[in-house]
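# Summary of structural features
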Amino acid sequence: MAFAEGWNLVHGTLAEAGIKLGGIAASDPLEEREERRQAARRLWNEARALHRPLDRLMAVVYVEGPSEMRDAASAATGALAPHFSAVMAWLHAVDGETETPQHAMERDRTSSGAYGAYLAFLYAASDAAVSDTRGLMEP
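Structural notes, computed from the coordinates. Remember, it's a predicted structure, so these values are computed and weren't measured experimentally.

## Thoughts on helix α4 (residues 67-95)
- Taking 1.5 Å of rise per residue, the 29 residues of α4 would be expected to cover 42 Å, and the 43 Å separating its terminal C-alpha atoms lies within 8% of that figure.
- One or two steps after α4, the chain reaches Glu-97, where phi turns positive at roughly 55 degrees.

This is how it looks when you write it as structure tokens:
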């Protein structure tokens, strides 16, 4: 459960960074663009800091969980890397005033892919919990 909560917090923080970046328009006043850009960078850095504890939480999943759950946790963690990269690429494009609609599309694609991997982890964890409780209920 702690892994799922930690993963979701990282993903949500990256999503917030994307929302800040998506709110920047070329026609916005310079100070407003700068404020949103700085907020997005802070959120990206916060997501990186929140990502560090996932290593320990994933180790717990590896020790306590069945192989399906371990594999799903590993895939969910790995799926965050392209999401981090897409947000950072968009942030760099905003920094250089070269952002395009493709930056938002790539961030959306990697976010969806990561969230799909997270759901696969939740399903694997749920299946493992159900099979554990089945053994307790059978005589």
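## Details of the nonpolar core
- With 34 residues, the main nonpolar core has Phe-3, Trp-7, Leu-21, Leu-54, Leu-80, Phe-84 and Phe-121 as its most contacted residues.
- The residues touching Phe-84, leaving out its near neighbours within four places in the chain, are Val-10, Leu-14, Trp-44, Ala-47, Arg-48 and His-51.

## Brief notes about the side chain of Thr-110
- Here Thr-110 is to be found in helix α5 (residues 101-137).
- Owing to a relative accessible area of 4%, Thr-110 belongs among the buried residues under this scheme.
- Thr-110 has contacts with Ala-79, Pro-82, His-83 and Ala-86, leaving out every residue within four places of it along the chain.

## Considering the packing of aromatic side chains
- Evaluation of the coordinates by the stated rule reveals 5 aromatic pairs.
- Arranged with centres 4.5 Å apart and planes meeting at 10 degrees, the rings of Trp-7 and Tyr-118 form a pair that is stacked. On the criterion of sequence distance, the pair formed by Trp-7 in helix α1 (residues 2-22) and Tyr-118 in helix α5 is long-range, its members being 111 residues apart. In this pair, the class of Trp-7 matches that of Tyr-118, namely buried.
- Where Tyr-115 meets Tyr-118, the ring centres are 5.4 Å apart and the plane angle is 45 degrees; that geometry is what we call tilted.

## Focus on the pattern of salt bridges
- Across all of its chains, the model carries 7 salt bridges by this definition.
- In this structure, Arg-36 engages Glu-32 in a salt bridge whose closest nitrogen and oxygen atoms are separated by 3.7 Å. On the criterion of helical spacing, the pair formed by Arg-36 and Glu-32 is a turn pair, its members being 4 residues apart in helix α2 (residues 30-51).
- Of the charged contacts in the structure, one is a salt bridge between Arg-107 and Asp-108, with a shortest N-O distance of 2.6 Å.
- Under the relative-accessibility criterion, Arg-107 is labelled buried at 12%.

## What about α2?
- The terminal C-alpha atoms of α2, which comprises 22 residues, lie 31 Å apart, in line with the 32 Å expected from a rise of 1.5 Å per residue.
- All of the buried residues along α2 are Arg-33, Arg-37, Ala-39, Ala-40, Leu-43, Trp-44, Ala-47 and His-51. Along α2, the residues classed as buried sweep out an arc of 160 degrees about the axis, all on the same side. Exposed side of α2, more than 90 degrees from the buried face: Leu-30, Glu-31, Glu-35 and Arg-42 are the residues found there.
- In this structure, the buried residues of α2 make contact with α1, α3 (54-64) and α4.

Cut-offs and rules
Residues numbered from 1 in each chain as written. Predicted model: local features only at pLDDT ≥ 70, side-chain atom pairs only at ≥ 80, totals over all residues. Heavy atoms only, no water. Helix = DSSP H or I, 4+ residues; strand = E, 2+ residues; numbered from the N terminus. Expected span 1.5 Å × (residues − 1). Core = buried A, V, L, I, M, F, W, Y, C linked by side-chain atoms within 4.5 Å. Buried < 20%, exposed > 50% of the residue type's maximum accessible area, 1.4 Å probe, protein only. Contact = heavy atoms within 4.5 Å. Phe/Tyr/Trp six-rings, centres within 6.5 Å; stacked < 30°, edge-to-face > 60°. Salt bridge = Lys/Arg side-chain N within 4 Å of Asp/Glu carboxyl O. Arc of directions from axis to C-beta.

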